[in-house]
Amino acid sequence: MRISQKLQGKGDKLAVQRLDFEYTYKGPVTVNGKPYLRIEAALATKVDLAEYLHQVFKVKSDVTGLKEVPMNLTTKVEYDLDPKTHRTVRAEGKSEGGFRIISTSFNEAVQEERFKARTTLTRLSTTN
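Calculation rules
Residues numbered from 1 in each chain as written. Predicted model: local features only at pLDDT ≥ 70, side-chain atom pairs only at ≥ 80, totals over all residues. Heavy atoms only, no water. Helix = DSSP H or I, 4+ residues; strand = E, 2+ residues; numbered from the N terminus. Buried < 20%, exposed > 50% of the residue type's maximum accessible area, 1.4 Å probe, protein only. Polar contact = N/O pair within 3.5 Å; in protein donor to acceptor, adjacent residues only side chain to side chain. Contact = heavy atoms within 4.5 Å. Phe/Tyr/Trp six-rings, centres within 6.5 Å; stacked < 30°, edge-to-face > 60°. Arc of directions from axis to C-beta.

Draft legend 1. Fine view of the environment of Leu19. Counting through the fold element by element, Leu19 comes out in the loop between strand E2 (14–18) and strand E3 (22–31). The class of Leu19 is buried, set by a relative accessible area of 18%. Taking C-alpha positions, Leu19 is 7.5 Å from Leu43, a pair spaced 24 residues apart along the chain.

Structure representation (structure tokens):
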């Protein structure tokens, strides 16, 4: 995912803002009596989507009616690897976040959404 952000003092130049996962080796774990190596990935971000839209389309809030659209997202993924082959055997991800739409006409959010997601990956086979 890429988000552009206006560079301060650089006129209309935009910079691409990356969203990076941070990977951490957690070490050996046992799951259901089987040994694995665990790696954890984490992502956390907060961004104002209204500012992004205004910059990309070169319009102001009086045109869009958007004062702010704050969005946040946190994600954590746990990978379990086979200790001998280092192939991913299982991964489980959990994400949550939300956003609010705040218009220039009201002092409170006109729309608010929260979300949660869960993803599970399991290896079926290593042969065809």
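Moving on, there is more to tell.
Draft legend 2. How the structure looks around the side chain of Ser103. Along the polypeptide, Ser103 turns up in strand E7 (residues 88–103). Note on Ser103: relative accessible area 11%, which makes it buried. Of note is the side chain of Ser103, whose polar atom sits 3.2 Å from the backbone nitrogen of Ser105. Of note is the side chain of Ser103, whose polar atom sits 3.3 Å from the backbone nitrogen of Phe106. In this structure, Ser103 is in contact with Gly65, Leu66, Lys67 and Val110, ignoring residues within four places of it in sequence.

Draft legend 3. Here's a closer look at the packing of aromatic side chains. Within the structure shown, the criterion is met by 2 aromatic pairs. Both rings, one in Phe21 and one in Tyr23, keep their centres 6.3 Å apart while their planes meet at 40 degrees; by these two values the pair is tilted. Judged by relative accessible area, which is 37%, Phe21 ranks as partly exposed. Plain terms: the ring middles of Tyr23 and Tyr79 are 6.4 Å apart, the flat faces sit at 35 degrees to each other, and that makes the pair tilted. Taken together, the residues span a long stretch of sequence, with Tyr23 in strand E3 and Tyr79 in strand E6 (residues 70–81) at a distance of 56 residues. Since its relative accessible area comes to 24%, Tyr79 is described here as partly exposed. Ring pairing ties together the aromatic residues Phe21, Tyr23 and Tyr79, which thus form one cluster.

Draft legend 4. Local environment of helix H1 (residues 49–57). Turning to H1, its buried residues number three or more, namely Ala50, His54 and Gln55. Taken end-on, H1 shows its buried residues confined to a sector of 130 degrees, consistent with a single buried face. Between the side-chain oxygen of the N-cap and the backbone nitrogen of Ala50 there are 3.0 Å, and the N-cap of H1 in question is Asp48. Looking one or two places after H1, you find Lys58, whose phi comes out positive at around 50 degrees.

What is shown is where atoms sit, not what they do.
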